[in-house]
Amino acid sequence: MTLKMLLAAGLLLAQPVAAETENFRFSRPVVWQDKGQQELLTVPLDSRIYAATGDGFPDLRLVDQAGTETPYLLEKAAETRTDTTRLNCNSRLLALKKKDKTIEIFLRLEKNEPNADGLTVLTPLTDFEHRVQVFGSGDGKRWSSLVKDAEIFDYSSYMPIANRDIPLPANTYRQFKLVVEEATSTREAELKELTRTLHGGEEVARSERIDLHRIPLQIERIQFWRNQTQVLPETDKRFDYPAAEYKITEDKEKQVTLIDVATLREPLTGFTLHTSSDNFTRPAAVQIPVRRGIETTLQEIGSGVLESLHFRDIKREQITVSFPEQRQKSYRIVLGNRDNPPLAITGITGTGPGYHLIFLPAPGQTYLLRYGSEKAKPSSYDIASIQELLRRGYKSTPAELGPESAETPVPETLDFAKLLNSQWFLGAVVALMVVVLGWVLVRAGKRIEQFPRD
């Protein structure tokens, strides 16, 4: 009888379960100025929604005042951007004049060339530093100052730093004069002459002589150029998402800095590290926790090199490490220090795309965005009309989301599907089966004992 009851219970639990209640936890009203005409509305998502929704946003529902679902198109926010390229301008050398410690170079743009936005001094030399003045003229007689104190340099012996470009202010001049100061640099010879005076086998005097070589600035040519700006096709718009919190730990044994970052599950493609430290180069990697069975390990999703160079008029920084798009609650950033002091981290900002939904509101209707459900399934809407309007170039009207409200959950019936997958349930079933099996064995043993013996 007991075995029959267990089988009947198993068949009952295996029956299809009724549709689950989605139970959205939050809602926010869509706010816009209803002008009583047909329009497209764009509703941006924010960190509150990212924190409460699942991967892929299966738990987003847009409903009207009657509670009827309204189709929407979910997509990444996009923007157009401009790109600047440098195009060369042909010029001709007119004259070169040498004065005490300077040289004057006279040049003219060719007839059909556009106005110049800058010039580059091309030289094969390294390890130099010179100051340059630039003048412009329309007739080659009257000269106007364009750049009073530019600097070209090459410090290759110390660091890979060099600059040979001189930007020009907006101008329409066709002739130019460059005045290069200290056109000859002085450099010590690599060999020194050492003289020792000995008396009785002992050194009584020593003298050194260092030869100074004067090296002229060898200029191969002056290359003028102009900047051309073009509008590129739309790309994903980048947003900044400040870290909710972060904790810094120094591992002196491994010579690394560990930064554990907590976020609100925003869509991220990189982290920007703000620091008060200057002039550094550090390898960096980003890791995320991955659960495998009962263990959680860290998996690297991106790496790069962070750099900062602040020297005189050079301001160059690359302080962002990138990775494929993620929506995680926690990340770990690993900075390699080697024997260098740790960086002074002052803040961390996540960077990544943003999402919005686009829909066609009905005049006179109000709408509510509901979200945050563990049981909601991805929606499948007819969005062909929205896509067609966007292809035709119709612009959408930005809308906003009002304050967040917590929704009252709908009472749920027993979730048999979840119960079947529960470790407690499986453990109870195993324990029950052990008890039943033991009981069956005991009964069988008693029956065997009742058989007559020879």
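Model, not experiment: these values are computed from the prediction. For every chain, the first residue of the written sequence is number 1, and numbering continues from 1 along that sequence. Only residues with pLDDT of at least 70 are given local features in this predicted model, and only at 80 or more are side-chain atom pairs given and counted; all residues enter the totals for whole chains, interfaces and linings. Side-chain calculation: all heavy atoms of the structure are included, whereas hydrogens and water are not.

Asks: Teacher, can you tell me more about the pattern of salt bridges here?
Replies: Where charged atoms from two side chains of opposite charge approach closely, those side chains can pair. Whenever a carboxyl oxygen of Asp or Glu lies within 4 Å of a side-chain nitrogen of Lys or Arg, that contact is scored as a salt bridge. Summed over all chains, the structure comprises 17 salt bridges. Measuring nitrogen to oxygen at the nearest pair gives 2.8 Å for the salt bridge that ties Arg 265 to Asp 55. Of this pair, Arg 265 sits in the loop between strand E19 (256-262) and strand E20 (268-275) while Asp 55 sits in the loop between helix H2 (47-52) and strand E3 (60-64), and the two are 210 residues apart along the sequence. Burial classes follow relative accessibility: with a 1.4 Å probe on protein chains only, a residue under 20% of its type's maximum area counts as buried, one over 50% as exposed, and anything between as partly exposed. Owing to a relative accessible area of 58%, Asp 55 belongs among the exposed residues under this scheme. Between Asp 260 and Arg 332 there is a salt bridge, and its shortest N-O distance comes to 2.8 Å. With Asp 260 in strand E19 and Arg 332 in strand E25 (residues 330-336), this pair connects stretches of sequence that are 72 residues apart. According to the relative accessible area criterion, Asp 260 is partly exposed, its value standing at 27%. Here the residues in one salt-bridge network are Lys 76, Asp 236 and Glu 325, joined through shared partners. Helical segments are the DSSP runs of H or I of at least four residues, strand segments are the runs of E of at least two, and each set is numbered from the N terminus.

Asks: Looking at this model, I keep getting lost on the environment of Glu 407. Mind explaining?
Replies: When you line up the elements, Glu 407 lands in the loop between strand E31 (405-406) and helix H4 (416-420). The sequence separation of Glu 407 and Phe 26 amounts to 381 residues, and the corresponding C-alpha distance is 5.3 Å. Whether two residues touch is decided by their heavy atoms; if any such pair falls within 4.5 Å, the residues are in contact. Not counting residues within four places of it along the chain, the set of residues in contact with Glu 407 comprises Phe 24, Arg 25, Phe 26, Ser 27, Leu 368 and Arg 370. In terms of polar contacts, Glu 407 uses its side chain to reach the side chain of Arg 370, at 2.8 Å. Under the rule applied, a polar contact is a pair of N or O atoms within 3.5 Å (in protein, one hydrogen donor and one hydrogen acceptor; residues adjacent in sequence only if both atoms are side-chain atoms).

Asks: I'm lost on the layout of surface pockets in this one. Help?
Replies: Where empty space is left can be seen by rolling a probe of water-molecule size over the atoms. Here a cavity denotes a set of grid points, spaced 1 Å apart and computed over the protein atoms alone, in which a 1.4 Å probe fits but from which it cannot get out, and a pocket denotes an open set meeting protein on both sides within 12 Å along at least five of seven lines; residues with an atom within 4 Å of a point are reported as lining. Grid points are joined across faces, edges and corners, and a volume is the space filled by probe spheres set on the points. Of the voids in this model, the largest pocket is the one considered here, and its volume is about 600 Å³. Around the largest pocket sit 27 residues that line it, and Thr 42, Ala 77, Ala 78, His 356 and Ser 396 are the ones nearest its centre. Elements with a contribution of two residues or more to the lining of the largest pocket: strand E2 (41-44), H2, strand E4 (73-76), strand E5 (78-89), strand E17 (239-242) and strand E27 (355-359). In this classification, the charged set is Asp, Glu, Lys and Arg, the nonpolar set is Ala, Val, Leu, Ile, Met, Phe, Trp, Tyr, Cys and Pro, and all remaining amino acids, among them Gly, are polar. Per-class residue counts for the lining of the largest pocket are 13 nonpolar, seven polar and seven charged.

Asks: So what exactly am I meant to see when it comes to the sheet that holds strand E26 (residues 345-352) here?
Replies: Hydrogen bonding along the main chain pairs the strands of a sheet, whether they run parallel or antiparallel. Pairing between strands requires that DSSP locate at least two bridges from one strand to the other. Pairing within the open sheet is antiparallel, and its four strands lie in the order E17-E26-E20-E24. Whereas interior strands pair on both sides, the edge strands pair on one side only; in this sheet they are E17 and strand E24 (320-326). Sheet twist, expressed as the mean angle between neighbouring strand axes with direction ignored, is 30 degrees. Pairing of E20 with E24, which is carried by four bridges, proceeds in the antiparallel orientation. Within the sheet, the bridge partner assigned to Phe 271 lies in E24 and is Val 321. Geometry is summarised by axes, namely lines fitted to C-alpha atoms with helices restricted to the contacting stretch, and by angles between N-to-C directions that run from 0 to 180 degrees.

Structural measurements only, silent on function.
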